[in-house]
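Reading the structure
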Amino acid sequence: MSQSKDRAAAELFAALYADLAGWCRRLVDDDGTAHEIASEAFARLWLRWSNVEEPRGFLYVTAANLVRDHWRRMERERRALRRAGTEATLAPREPGAETSVPVRLIVQSMPEKLRTVVLLYYFADLPVREIASLTKRKEGTIRGDLHAAREYLRAVLGERCDHTH
């Protein structure tokens, strides 16, 4: 990229970044996510700089698509939490404890084979048959892993979180 194009890109960033991040912030209600989206939109513009006729429009359309992707991820997470029969955060087990444990951290602490199945089934909303195909494992094994994952949640949470499919 020539120096004049570099300068034009830097000037565009200086002129639009704050507005784009602010716009994203209003849509996602989170500063960090808003800045990630705005930064990603600029990174994508940078990769296509010489082919983009209207950079401002490109940025906002790209950011809108990234916001929509964020909303979809959030909705999948909410559905997964509902399907797992639990809430986004769970009350501490010990009386007087001040923190709660996000389900996401519990899922991350699972053994990999259980975590993968949980993520595909509850978070990606894939059926057992498709998970079996993707992981090259039998459907019965996937069902067994889902059962084991629910048992794992019960053990960690110390409460009942039944879900049958």
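This text gives an overview of the structure that appears in the document. Predicted, not measured: the structure shown is a model, and the values here were computed from it.

1. Overview of the packing of helix α5 (residues 112-123) against helix α7 (residues 139-157)
- The contact between α5 and α7 brings their axes to 9 Å, and the two run at 100 degrees. Compared by their axis directions, α5 and α7 come out roughly perpendicular. In this structure, α5 uses Lys113, Leu114, Val117, Val118, Tyr121 and Tyr122 to contact α7, whose residues at the interface are Ile142, Asp145, Leu146, Ala148, Ala149 and Arg150.
- For the contact of α5 with α7, the class distribution of residues is 9 nonpolar, no polar and 3 charged.

2. Quick word on the packing of aromatic side chains
- Evaluated as defined, the whole model comprises 5 aromatic pairs.
- Taking 5.1 Å as the distance between ring centres and 65 degrees as the angle between the ring planes, the aromatic pair formed by Trp23 and Tyr60 counts as edge-to-face. A residue pair is termed long-range when its members are at least 10 positions apart, and Trp23 in helix α1 (residues 3-28) and Tyr60 in helix α3 (residues 55-83) qualify at 37 residues.
- Ring geometry for Tyr121 versus Tyr122: centroids 4.9 Å apart, planes at 85 degrees, classification edge-to-face.
- Of the residues examined, Tyr122 reaches a relative accessible area of 4% and is grouped as buried.

3. Remarks on the side chain of Arg154
- Inspection of the secondary structure puts Arg154 in helix α7.
- For Arg154, a relative accessible area of 17% gives the class buried.
- Looking at Arg154, its side chain comes within polar contact range of the side chain of Glu151, at 2.5 Å.

4. Points about unusual backbone geometry
- Positive phi outside glycine occurs at Asp29, with the angle close to 60 degrees.
- Its place among the elements puts Asp29 in the loop between α1 and α2 (31-47).
- Even without a glycine there, the phi angle at Lys136 is positive, about 60 degrees.
- Position of Lys136 among the secondary structure elements: in the loop between α6 (128-135) and α7.
- Residue Lys136 is classed as exposed on the basis of its relative accessible area, which comes to 75%.

Conventions used here
- Residues numbered from 1 in each chain as written.
- Predicted model: local features only at pLDDT ≥ 70, side-chain atom pairs only at ≥ 80, totals over all residues.
- Heavy atoms only, no water.
- Axes fitted to C-alpha atoms, helices over the stretch in contact; angles between N-to-C directions.
- Helix = DSSP H or I, 4+ residues; strand = E, 2+ residues; numbered from the N terminus.
- Parallel < 35°, antiparallel > 145°, perpendicular 65-115°, else oblique.
- Contact = heavy atoms within 4.5 Å.
- Nonpolar A, V, L, I, M, F, W, Y, C, P; charged D, E, K, R; others polar.
- Phe/Tyr/Trp six-rings, centres within 6.5 Å; stacked < 30°, edge-to-face > 60°.
- Buried < 20%, exposed > 50% of the residue type's maximum accessible area, 1.4 Å probe, protein only.
- Polar contact = N/O pair within 3.5 Å; in protein donor to acceptor, adjacent residues only side chain to side chain.

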